[in-house]
Amino acid sequence: ELELAKKIDHISNVNSNIVNTVKSISIIENSTNKREVLEDFISSTLKNHVNILGVNVIFDKNAFDGRDADFSGDDKYLPDGQYVSYYTLSGNNMLTTPIVGYEGYDFYNDAKDDLEITVSNPYAFIIDGKEEVITTISEPIYLNDVFVGVIAVDVAIEFIDLLLEEYANDNDSI
């Protein structure tokens, strides 16, 4: 039981580490490369945690670096430059796409509305051209006690199933 709890807790801690990194980056003054620093951290996180299939980064308009207009037209963000991006790996390369329609996703709304870490029901999602059944662990981001966005990690249900199988085999029941 303890080992299963540790493995599941580890995934949630990875998400919280990204949130804490966001908070640390956000307080750096006069930095023009905050997005690049965060993207490098996310790339490293994905490479070091193979069971995390993707990272969702959703910020309210200008909430991360106040520079959305500078990124207008950049295909990694929404057309107006709002920092709303999905990160995943294809081989060893990080792919970045904007999350169009994020306001309709439960993982975003549940974290925003519940003001705490949430875990989605399983759902099918295309990642790097392959349909995966995933669950999303989401955490709201607060800067100076103000909600500014959500960070969420996607985990394959297959990985959760393997953890449960391992637990069942170790305990002869589930």
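Residues numbered from 1 in each chain as written. Predicted model: local features only at pLDDT ≥ 70, side-chain atom pairs only at ≥ 80, totals over all residues. Heavy atoms only, no water.

Student: I'd like a rundown of the overall build of the chain, residues and numbers included.
Tutor: Summing up its helical and strand segments, the chain has four helices and seven strands in all. Overall, the chain shows an N-to-C arrangement of helices and strands of α-α-β-β-β-α-β-β-β-β-α. Going through the 174 residues of the chain one by one, you find that 46% of them count as buried. Taking the contacts inside the chain whose residues are at least 6 apart along the sequence as the reference set, 54% of them involve residues at least 24 apart. (Helix = DSSP H or I, 4+ residues; strand = E, 2+ residues; numbered from the N terminus. Buried < 20%, exposed > 50% of the residue type's maximum accessible area, 1.4 Å probe, protein only. Contact = heavy atoms within 4.5 Å.)

Student: Tell me about a negative patch on the surface, residues and numbers included.
Tutor: Taken together, the side chains of Asp 106, Asp 110, Asp 113, Asp 114 and Glu 116 make up a negatively charged region of the molecular surface. Topologically, Asp 106 is positioned in helix α3 (residues 106-114). (Patch = residues over 30% accessible without salt bridge, like charges linked within 9 Å, V, L, I, M, F, W, Y side chains within 5 Å. Areas by Shrake-Rupley, 256 points an atom, 1.4 Å probe, with all protein chains shown as cover. Salt bridge = Lys/Arg side-chain N within 4 Å of Asp/Glu carboxyl O. Lys, Arg positive; Asp, Glu negative; His and termini not counted. Charge placed at Lys NZ, Arg CZ, Asp CG, Glu CD.)

Student: Run through the pattern of salt bridges, naming residues and quoting values.
Tutor: Taken as a whole and judged by the stated rule, the model has six salt bridges. Arg 35 is the partner of Asp 65 in a salt bridge, and the nearest nitrogen-oxygen pair spans 2.7 Å. In this pair, Asp 65 is assigned in the loop between β1 (52-59) and β2 (84-90) and Arg 35 in helix α2 (residues 34-48), connecting sequence segments 30 residues apart. Here Asp 65 matches Arg 35 in class, with each residue buried. Glu 132 serves as the salt-bridge partner of Lys 130, at 3.4 Å between the closest nitrogen and oxygen. For Glu 132, a relative accessible area of 14% puts it in the buried group. Beyond isolated ion pairs, a larger network of salt bridges with shared partners links Arg 35, Asp 65 and Asp 68.

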